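Geometric and topological summary
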Amino acid sequence: MFKKLGIALLVGGAVVTFAHSQEVPSDFQLLWAIFAMIGALVFMLLDAKPLTTMSGGKSFLAVVAFWIFIVTVCIAGASLLPQFDPEDEREKISKLLEKQRAASQQGKADELIARAKALDEQVKALEERLKGLGGSQVATATTTPPAGDKPPAGAGGGGGAAGDVMKVGEEQWQLQECYNCHKLRGEGGKKRGPELDNIGTLLTVEEIQQKIVDPKSFMAEGYDKEWQKGVMPDKFKDLMDPKEMLALATWLGTFKNTSVNTPKPIKKK
Amino acid sequence: MWHGLLALVVLCVCVAPTVYAQELGASSVDFPYTGNRTAVWVVAQLHILFAAFILGAPIFVVISEWLGYRKQDPRYDRMAKEITKVTVILFSMTAVTGGLFIFILLAAYPQFTTWFINQFYVVFAILYPALFIVETILMYAYLYTWDVWKGEKKGRHIALGIVLNLVCLLILFVINGPTSFMNTPPKAEGISPQDFLAAATLWDKVANQSWFPLSLHRIDGNVAFGGFIAGMIAAYMYMGSKTQEERAYYDWMGFVAIWIAVGGSLLQPFTGLLLAYEMCDYDFSFCPYMMADQLSMFFEVQGMMIGLLFLAINYYSWLSVKRIEGAEKVRMTILAPIVLVAVLPVTMWVMNTYWIPDPMSLAFLLPLVLSPFLLGRLVSVTVSARTVIKIGFIVMLISDAVWLTPSGFVATGSDMPDELKLPEGWDYLASMPAKLSAIIVLVFVTVVNYVLYNRTIKQGTILWGKIDFVAQFVLIFLAFISTWIMGLMGAVRSLLKKYFHAYSLVSDFTVESFTPTLSYSAWWITGITVSFLVIVTLAALVALRPSVSKVREPEMNPVPVGVK
């Protein structure tokens, strides 16, 4: 047993030392060291003396203890790994579904119920006033909407300021998770799609928009296989409204970093 | 006038919600403690586990019955009958959890469920119930004709089992239509999903992109699952056995069950990969979501569990070899350990150079993996079987380590700091070719051990009932881990719909529409696994305990298997 442990420590130590010298992050060093110890455990099990046959209550207790052990390993193993924070996604999803929610039957119903509740409040307030005040005051009260009924700021407004467009564009980049395939500002991407830091030099805003609407309209040089397979989904036209898409294209159009080798787009349609 | 206005307002207040309530149908029920999504998740997963067993076990059973008939070995027939008895009990559990599933789904998501049923009305209202009824009749007929159709009529009984299996397969394909539809509803380029759906036929909806791969994955998964569960049942019965004869039988049963399960398990990674491939082909955003973003650590755990599963399978194989008298004399060509050592680096190189579906990869890999079997006789140098197995374990551990090496230990790859990433030159360890290579090696080592076991039994004598007692815990472990993996991957498949009930068609507006943490998921998956296995254990005890005490003819004398 000690021999096996010694070998595992030696192997684990060698792997960790080598990985450390190559500047491999410590998490990986730990993982491989754990594997060396698992190796020792496996070899101890292989050469262990046979377990004598148990019967009756002993077997039952051993099984229960074994189950508790497996349950602990499963839960602890999964819980010790880095955990994704759902709050990050919740906010995104809430924004993504905002319009759909409002447009859906449920959204309409929620809105109507909310309006009905507000009206109910108004009625109650009116009743209170009718009880205690004169007619002229009542008339004034009914023509002035309560503070809560004011339309939300910006609703129906133009909102066309350049800063807002950029903000919406960047927000769409995050919401649609474009960063999962495209690298931008040195972040995201896994070589699945081209790096986009110089896209503004190579395509106009209209062309970028066209590419988002119809991914087959342009092909990035060197991405023939991906283009043929249709790796870039054509769903974004259904997920963004034209304004959002234009904002995203406009925002992307501002990236003109010529030091980054963004592949040349080839027009296909 | 004011009274008129007030009356109108009051009318609006009272009537408006009613009008919309009728339009929307009943509002959803809020499930306490778990929340609606988890309530559906728990019951759906339990239902799928029972369903997987009752669809998988008949395949296992009829193969066993046929083997018994062909080899004239009554043990196969006994095992087949015992597993059928358990299956019949679990059949009712499938129906109960299925009913509960529909009830909770309707209560938690009434609008979506109504929409969904409308999409698959013929499936849910006619096909599925009809097939389920036919399956029930066949299942009971199969059990109750067991002792009637024997001897010359055995062929008739096996034929009935085959028909039962065909119906089971049909059910699986039919119900996988709606299931896979939620992930990959039919679509066409340039047409919105809603417009396409409006014109789609029922067949278009059923035969969606992930339907066939999901069905394939579930078929071999169900065979494997049936085997692992049968193995666990055998372990319990072995532990409870009072006589050496019973121990010999349940030792044999556990062994056969596990090897049937291994047969299914060896295909699992590849059909799973095919399913993932088709899903990514449908919508590439699934791929980073699974491998690099929110679900990346779910796959880390999957790697951990599958690694443990393969280690346990091969450990059981090792224990099986140890109970063979004369195993220590068995030797194997030196090519076997050489290929075992070479297979991981070579496969990684080949997969990096000729990625799937390039057939060139086979031109390199097939000769390599077949060389010990084809050229072994030409090489006179040999090593002991035990040495080969031990080298196999080292190779498996390294492969597991490769499988478990991610790009970085972070919850999402999108915002990974450079200091946590694998440095350049090492990053190939985290690539898909490396992962696939690790899977291929795990499968290869298992196959080598199987071949080795067969060679050993030809030269030695199996002492049934004399296996190391720890093997029973390995069988229980395998059943637990395989069930847990099913729960994990079930959650992954369902979470792939992201914030949709049906991907890109019906959005999930509830507050629970987000990816849960791995830890939270692990708690529930473990809870589901324990519940399922406890019920199966009880069913096995109810169905099989009385049969243990019956006197049987001795049939488990240690005899050379080669003679049999």
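One structure accompanies this document, and this report is about it. The structure presented is a predicted model; accordingly, all values stated were derived computationally and were not measured.

1. What about the overall build of chain B?
In terms of helices and strands, chain B carries 18 helices and six strands. By principal-axis analysis of the C-alpha atoms, chain B measures approximately 110 × 65 × 40 Å. Taken across its 564 residues, chain B has 50% of its residues classed as buried. A sequence separation of at least 24 residues applies to 84% of the contacts in chain B between residues at least 6 apart.

2. Things to note about the overall build of chain A
Helix and strand counts for chain A stand at twelve helices and two strands. Beginning at the N terminus, the succession of helices and strands in chain A can be written as α-α-α-α-α-α-α-α-α-β-α-α-α-β. The burial tally for chain A puts 23% of its 269 residues in the buried class. For chain A, long-range pairs separated by at least 24 residues make up 69% of all intrachain contacts whose partners lie at least 6 apart in sequence.

3. Quick notes on the packing of helix α15 (residues 385-403) of chain B against helix α16 (residues 432-459) of chain B
Residue and element names in this part refer to chain B. As a packed pair, α15 and α16 sit with axes 9 Å apart at the nearest point and diverge in direction by 160°. Classed by the angle they form, the pair α15 and α16 counts as roughly antiparallel. Between α15 and α16 lies a crossing whose hand is left-handed. Residues A385, V388, I389, G392, V395, M396, S399, V402 and W403 of α15 lie in contact with α16, whose contacting residues are A434, K435, A438, V441, L442, V445, V448, N449, L452 and T456.

4. Regarding the interface of chain B and chain A
The interface is formed by 68 residues belonging to chain B together with 64 residues belonging to chain A. Of all the secondary-structure elements, those providing two or more residues to the side of chain B that touches chain A are α1 (2-24), α12 (296-322), α15, α17 (470-495) and α18 (518-549) of chain B. In terms of residues, the side of chain B that touches chain A owes the most to one element, α1(B), which gives ten residues. Split by residue class, the side of chain B that touches chain A holds 46 nonpolar, 13 polar and nine charged.

5. Side note on the packing of helix α5 (residues 121-144) of chain B against helix α6 (residues 154-183) of chain B
The relative placement of two packed helices is expressed as an angle between their axes plus a distance between the axes. All names here are of chain B. The interhelical angle for the contact between α5 and α6, taken along N-to-C directions, is 155°, at an axis separation of 9 Å. It follows that α5 is roughly antiparallel to α6 by the angle criterion. Two packed elements cross with a definite hand, and for α5 against α6 that hand is left-handed. Between α5 and α6, the contacting residues are V123, L127, Y128, L131, F132, V134, E135, L138, M139, A141 and Y142 on the first element and L160, G161, V163, L164, V167, C168, L170, I171, V174, I175, G177 and P178 on the second. For the contact of α5 with α6, the per-class residue count stands at 20 nonpolar, two polar and one charged.

Definitions and limits used
Residues numbered from 1 in each chain as written. Chains lettered and ligands numbered in written order. Predicted model: local features only at pLDDT ≥ 70, side-chain atom pairs only at ≥ 80, totals over all residues. Helix = DSSP H or I, 4+ residues; strand = E, 2+ residues; numbered from the N terminus. Buried ≥ 20, exposed ≤ 12 C-beta atoms within 10 Å, placed from the backbone. Contact = placed C-beta atoms within 7 Å. Axes fitted to C-alpha atoms, helices over the stretch in contact; angles between N-to-C directions. Parallel < 35°, antiparallel > 145°, perpendicular 65-115°, else oblique. Left-handed = near helix turned anticlockwise from the far one by under 90°. Nonpolar A, V, L, I, M, F, W, Y, C, P; charged D, E, K, R; others polar.

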